[in-house]
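Chain and residue survey
Spelled out from the first residue to the last, the chains are:
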Amino acid sequence: MAAAAAMATSRGGKQRQPLLQSPTPAAPNGGGAAGRRRFLAFLAVTAALVASYQLLEPTDSSRYRALFLTLGSNATAAAHLRALTLRPHVAGTEANAAAARYVLHAFSSLSFPAHITPYSVLLSYPAHRSLTLAAARGLAAKPFSLVQETYNGDPFAEASAEVIPTYFAYSASGSVAAEVVYANYGHNEDYAYLASRGVDVAGKVALVRYGDIHCEDMVRNARAAGAAAAIVYTDAKDFGGGATRGAKRKWFPDARWLPPTGVQVGTLYYGNGDPTTPMWPSCAAGDDCERLSAEDLSGSEAMPGIPALPVSARDGDTILKAMGGDDAPVYRLGPGPAVLNLTYIGNETLATIENVYAVIQGKEEPDRYVIIGNHRDAWTFGAIDPNSGTAAMLEIAERLSKLQAKGWRPRRTIILCSWDAEEFALIGSTEWVEENMDTLASRAIAYLNVDISVFGPGGLKPRATPQLDELIKEASKMVPDPDEPSQTLYDTMMRHHPPITRVAGAGTDFAAFLQHIGVPSLDMSYGLFEEYPVYHSLYDDYVWVERFGDPLFHRHVAVASVWGLIALKLADDEIIPFNYVSYASELEECTKDIAEKCKGFPVTLSPLQKSIKQLESAATKIHQEKLLQAENWSLKTRQYTLKVREINDRLMMAERAFTNREGLAGRPWYKHMIYASSDQDDWGTKAFPGIVSAMDKAKKSNTTESWRSLQHEIYRVARAVSKASAVLDGGLT
């Protein structure tokens, strides 16, 4: 993976041009005197925690970790974010290639070997869009402009001209003229409700609002209900600061809320990776790799199959006012008399994307990888999503460079990854994992992802596989909460219920690592998604971050601190700090929930319950072995070294055993039997996804075959848990 530090060369052999010198970091504006006092308190508490940390663990690695905590710079994070968000940078565009060169230069200037790996993948852009409301209910026909408006004094108004028109990637092309039916949040249950009220969706335009599920699930559900097209709007009650109209309601730039013309764009592809290379890696432009044809793709269930457009709250409100039919809890249901004329023509084209990597070679175990990742591409300016995470990752890189100057070198290799085309279908990370799958499966310790580092206030929100829980808690105890400097991130995190959730939904780049090859993974952010109503819109820019997301950039620093501290522990601890005892406890609780839902059904959970007891026993055994080896750390004999390596291999490989070669039923790319997204909600978290899906189907059909399928899924999960137990145990039967 390594290449020349100052000048990287791609796989295709094309030499990359060096980037212009990065701007000098400048202190961020905003926050006021109170904010500055909070930040000074934050620094003071950091120093106190570092001092106590040094007293508790006077080892070289702990001293370097303590030093790492003192090196945070809000000015550095702010400067990186500012530079990355000067222009909108959708994957496949020149602006995003410039952002890739910026990240490459940032890594290379720190003397890290860095390189770019390109892939040629199918991306989707709008060629033509039009939407008109036909005359109805005394209202004149109205063509919609489908434009997000800038505001007076917008410093990015000129750059906004580069923003790609609002659309859904991979939407089907076509023209539809039909009555409108209101379908609430677009759940299957919403369409069942419409059917119960005698409302026929077939051939109509489904109008749904953002909120509960991802847009790709909304459009799939609309298609399944028979709709000819779908319109997805951002309701002011959910994203615009409430239903109040007129002068009382404020929005960006005067408040954090989405303006009336704001539109949340997204992707409709129901899969991960390049659509033309499902289950296998893509290649660089000019190289030869197998691809699906356009005909294959048009008939794929992963494609939405119907035209769809996202629209603003203002446009959605206009459509709703023209609707009739029965009253719904909030709006009228239709159908009609509102009639929409919708035309969408898409341009699906092979385009080059670029992943950027930096490698810090491990000293004792260079063949073991701790992987840090964040995606770089954005639908517009991407100041929160994703470049708040990019800025935090680059801030970590600068700290690690300073540690190197002090003599630090990691025990294991650290790889920093800037992914491309995540917004389209997690494409950059998925193609890299598929291309390097066997190497990663035998060498990757963990994947540590931060997509969005900061939403706003609300504390640290980690999600992870359970063996990482204790490590997250330990690291969070060392970092003061930037909003409550007298408290640590751990203190405020533990107020949440649960404090750590699970990585399951396919919303970001951990999916390929965890759900395809079984690498222990985490993802985290600071704050609440509800604090970030400008998601995927024109208004996700540096000004929004500076005014509302993180005025002093101290939240960025805190996330970088805990993220980097976890990476350092995984890279430097002699014995990998995984705890599978908590994993067994988690699965036991999840099984109780499944058992409750299966009461009275003709299935047994005893195979799964038995396998979890095996996991608990094996996890306890290896935990005791870890403690014994820790007591003997001073021996440093060859026998001790081999034993440590053997324990680490068992800890590293246990997660792989939770995968199944055949994958989930109907979703072969998803191979993890414990954690995956719901088959009804791509963002939804499900433990035992195969069991949950089979149980839902069995409840609906209540046939002998469906109950047999559910029992089969229970056995499949039980076998996966037993495999993990055997790996942790380390012996043969």
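Our structure is the block above this text.
Report follows, based on the coordinates. Computed from a prediction, not measured in an experiment: that's the story for all the values here.

A closer look at empty space enclosed by the protein
The tally for this structure, following the rule as stated, stands at five cavities of 30 Å³ or more. Each pocket or cavity is described by its volume, and for the largest cavity that value is around 60 Å³. Lining the largest cavity are V90, Q148, V163, I164, P165, T166, Y167, V265, W379 and T380. By residue class, the composition of the lining of the largest cavity is seven nonpolar, three polar and no charged.

Looking at the packing of aromatic side chains
Under the definition given, this model contains 29 aromatic pairs. Each ring, one from Y357 and one from W419, has its centre 5.9 Å from the other, and the planes form 80 degrees; the classification is edge-to-face. In this pair, Y357 sits in strand β9 (residues 339–360) while W419 sits in strand β11 (residues 412–419), placing the two residues 62 residues apart along the sequence. Of the two residues examined, Y357 and W419, each falls in the buried class. Centre to centre, the rings of W432 and F513 are 6.2 Å apart; their planes meet at 50 degrees, and the pair counts as tilted. In this pair, W432 is assigned in helix α12 (residues 427–435) and F513 in helix α16 (residues 510–517), connecting sequence segments 81 residues apart. An identical accessibility class is assigned to W432 and F513; each is buried. Taken together, Y151, F252, F455, F529, Y532, Y535, Y539, W544 and F548 form an aromatic cluster joined through their ring pairs.

A word on the pattern of salt bridges
Where charged atoms from two side chains of opposite charge come close, those side chains can pair. Counted by the stated rule, this structure contains 39 salt bridges. With a shortest N-O distance of 3.3 Å, E596 and K599 are connected by a salt bridge. Residue classification places K599 among the exposed residues on the basis of a relative accessible area of 57%. One network of salt bridges, in which partners are shared, links E365, D367, R368, R411, R412, R645 and D649.

Focus: the state of the cysteines
Put plainly, two cysteines are in a disulfide when a covalent bond ties their sulfur atoms together. Under the criterion given, the structure shown has one disulfide. Disulfide partner of C283: C289, at an S-S distance of 2.3 Å. On the S-S bond that ties C283 to C289, the torsion sits near -65 degrees, and the link is left-handed. You can call C283 buried: its relative accessible area is 8%.

Topic: the packing of helix α19 (residues 581–597) against helix α20 (residues 606–631)
Taken N-terminus to C-terminus, the directions of α19 and α20 make an angle of 165 degrees; their axes are 8 Å apart at the nearest point. Our classification of the angle between α19 and α20 gives roughly antiparallel. Handedness of the α19/α20 crossing: left-handed. Between α19 and α20, the contacting residues are V581, A584, L587, E588 and T591 on the first element and L608, Q609, I612, K613, L615, E616, A619, T620 and H623 on the second. When its residues are assigned to classes, the contact of α19 with α20 shows seven nonpolar, four polar and three charged.

Some thoughts on the nonpolar core
By size, the foremost hydrophobic cluster in this structure holds 222 residues, and its most contacted members are L123 and F424. Dropping the residues within four chain positions of it, F424 is found in contact with V90, A91, L123, S124, Y125, Y167, A169, Y170, T267, Y269 and W379.

Points about the pairing of β9
Regular strands have side chains that alternate between both faces of the sheet. Sheet topology note: the strand β1 (residues 114–133)/β9 ladder contains 19 bridges and is antiparallel. Residue H115 lies in a different strand from β9, and its bridge partner there is Y357. Pairing between strand β4 (residues 174–182) and β9: six bridges, direction antiparallel. Counterpart to V176 in the pairing with β9 is L342. One ladder, built from five bridges, connects β9 with β11; its direction is antiparallel. Paired with V356 across the bridge in β11 is S418.

A short note on the environment of P260
The topology assignment puts P260 in the loop between α7 (236–239) and β7 (266–267). Spatially, the C-alpha atom of P260 lies 9.1 Å from that of D235, the residues being 25 residues apart in sequence. Beyond its immediate chain neighbours, meaning those up to four positions away, P260 contacts R249, W251, S312, A313 and R314.

Thoughts on α19
When the terminal C-alpha atoms of α19 are compared, their 25 Å separation across 17 residues agrees well with the 24 Å that a helix rising 1.5 Å per residue should span. Residues of α19 that are buried include every one of Y583, A584, L587, C590, T591 and I594, and no others. Buried residues along α19 cover an arc of 125 degrees about the axis, so they all sit on one side.

Quick look at the environment of T430
With respect to the helices and strands, T430 occurs in helix α12. C-alpha of T430 to C-alpha of M279: the two residues are 151 residues apart in sequence and 9.4 Å apart in space.

Remarks on the packing of α12 against α16
Running from N to C, α12 and α16 cross one another at 40 degrees; their axes reach a closest spacing of 8 Å. The orientation of α12 with respect to α16, classified from their angle, is oblique. Here the hand of the crossing between α12 and α16 comes out right-handed. Contact with α12, carried on its side by S429, T430, W432, V433 and E434, involves A512, F513, H516 and I517 of α16 and no other residues of that element.

Here is what the cut-offs are and how they apply
Residues numbered from 1 in each chain as written. Predicted model: local features only at pLDDT ≥ 70, side-chain atom pairs only at ≥ 80, totals over all residues. Heavy atoms only, no water. 1 Å grid on protein atoms, 1.4 Å probe; cavity = no way out; pocket = protein on both sides within 12 Å on 5 of 7 lines; lining within 4 Å. Points joined across faces, edges and corners; volume = space filled by probe spheres on them. Nonpolar A, V, L, I, M, F, W, Y, C, P; charged D, E, K, R; others polar. Phe/Tyr/Trp six-rings, centres within 6.5 Å; stacked < 30°, edge-to-face > 60°. Helix = DSSP H or I, 4+ residues; strand = E, 2+ residues; numbered from the N terminus. Buried < 20%, exposed > 50% of the residue type's maximum accessible area, 1.4 Å probe, protein only. Salt bridge = Lys/Arg side-chain N within 4 Å of Asp/Glu carboxyl O. Disulfide = S-S within 2.5 Å. Axes fitted to C-alpha atoms, helices over the stretch in contact; angles between N-to-C directions. Parallel < 35°, antiparallel > 145°, perpendicular 65-115°, else oblique. Left-handed = near helix turned anticlockwise from the far one by under 90°. Contact = heavy atoms within 4.5 Å. Core = buried A, V, L, I, M, F, W, Y, C linked by side-chain atoms within 4.5 Å. Pairing = 2+ DSSP bridges. Expected span 1.5 Å × (residues − 1). Arc of directions from axis to C-beta.

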